[in-house]
Amino acid sequence: MKKYFVLLGLLVLVVATICAQPDNLLYELRIYTAEKGKLNELHKRFRQHTLGLFEKHGMTNVAYWTPIDNPDEKLYFVLSYPNLAARDAAWAAFQADTVWQRVKKQSEMRGGLVANAQSIYLKTTPYSPKDFKPNCPRVWELRIYTTPPGRLVYLNQRFRDHTMKLFKKHGMR
């Protein structure tokens, strides 16, 4: 079985949002593919209902993105939790919430909004920046690095010792 290790330029910045203490949180990158023509309805549901319901059930909304070129109508977002058990409990409570059930039913009266949902669990690296500012206008780049088995330690070492400094030197965060 091939293992894919994800180092995301996007998440290297995003996941270090709690600056005052070591970051031991669990982060979840969720990638939703909207049903054809339904991305705006999905955005509306998130704006009006989902973000608040996530917070109500103990999920922290870290950041949300859509690709600049988005023919597949994808929504990328990151949530954080104290740990995996808290994540599972939060999602169970969210799914059981009668407000969510009503909102979902009403928003999907003309068909579902999400064709596919992916989830990737992440933790920060020791070299993640601690000064992330999600409201600064910028373009985000999602990079995925795949290493051969046993080589992730070397990629992390390269990022820690060289790559992050080069990114900063060239104005990339």
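Our subject is the structure listed above.
Residues numbered from 1 in each chain as written. Predicted model: local features only at pLDDT ≥ 70, side-chain atom pairs only at ≥ 80, totals over all residues. Heavy atoms only, no water.

## Structural notes on the pairing of strand 1 (residues 26–34)
- Most of strand 1 sits inside the fold, with nine of its nine residues counted as buried.
- Here strand 1 shows a buried face lined by Leu26, Glu28, Arg30, Tyr32 and Ala34 and a second buried face lined by Tyr27, Leu29, Ile31 and Thr33.
- Where strand 1 lies against strand 3 (residues 74–81), eight bridges are found, and the strand directions are antiparallel. Considered in strand 3, the bridge of Tyr27 is made with Ser80.
- Both strand 1 and strand 4 (residues 114–122) contribute to a ladder of eight bridges, which runs antiparallel. Looking at the pairing, Thr33 lines up with Asn116 of strand 4. (Buried < 20%, exposed > 50% of the residue type's maximum accessible area, 1.4 Å probe, protein only. Helix = DSSP H or I, 4+ residues; strand = E, 2+ residues; numbered from the N terminus. Pairing = 2+ DSSP bridges.)

## Some remarks on the side chain of Asn61
- For Asn61, the position within the fold is in strand 2 (residues 60–65).
- Classification of Asn61 by relative accessible area gives buried; the value is 18%.
- Of note is the side chain of Asn61, whose polar atom sits 3.1 Å from the backbone oxygen of Leu51.
- In terms of polar contacts, Asn61 uses its side chain to reach the side chain of Glu55, at 3.0 Å.
- With near-sequence residues (within four places) excluded, Asn61 lies in contact with Leu51, Phe54, Glu55, Val78 and Leu79. (Polar contact = N/O pair within 3.5 Å; in protein donor to acceptor, adjacent residues only side chain to side chain. Contact = heavy atoms within 4.5 Å.)

## With respect to the sheet that holds strand 2
- Reading across from one edge, 2-3-1-4 is the order of the four strands in this open sheet, with antiparallel pairing throughout. Strand pairing shows two members of the sheet lacking a second neighbour, strand 2 and strand 4, which therefore form its edges. Recorded for the sheet is a direction-independent mean angle of 20 degrees between the axes of neighbouring strands.
- Against the sheet, helix 2 (residues 39–56) contacts strand 1, strand 2, strand 3 and strand 4, and its axis sits at roughly 5 degrees relative to strand 3.
- The strands touched by helix 3 (residues 84–96) within the sheet are strand 1, strand 3 and strand 4, with strand 1 carrying the most contacts at an inclination of about 40 degrees. (Axes fitted to C-alpha atoms, helices over the stretch in contact; angles between N-to-C directions.)

## Observations regarding the environment of Asn24
- Inspection of the secondary structure assignment puts Asn24 in the loop between helix 1 (9–14) and strand 1.
- Along the sequence, Asn24 and Thr125 sit 101 residues apart, while their C-alpha atoms lie 9.9 Å from each other.

Keep in mind that these numbers describe shape and distance, not what the molecule does.
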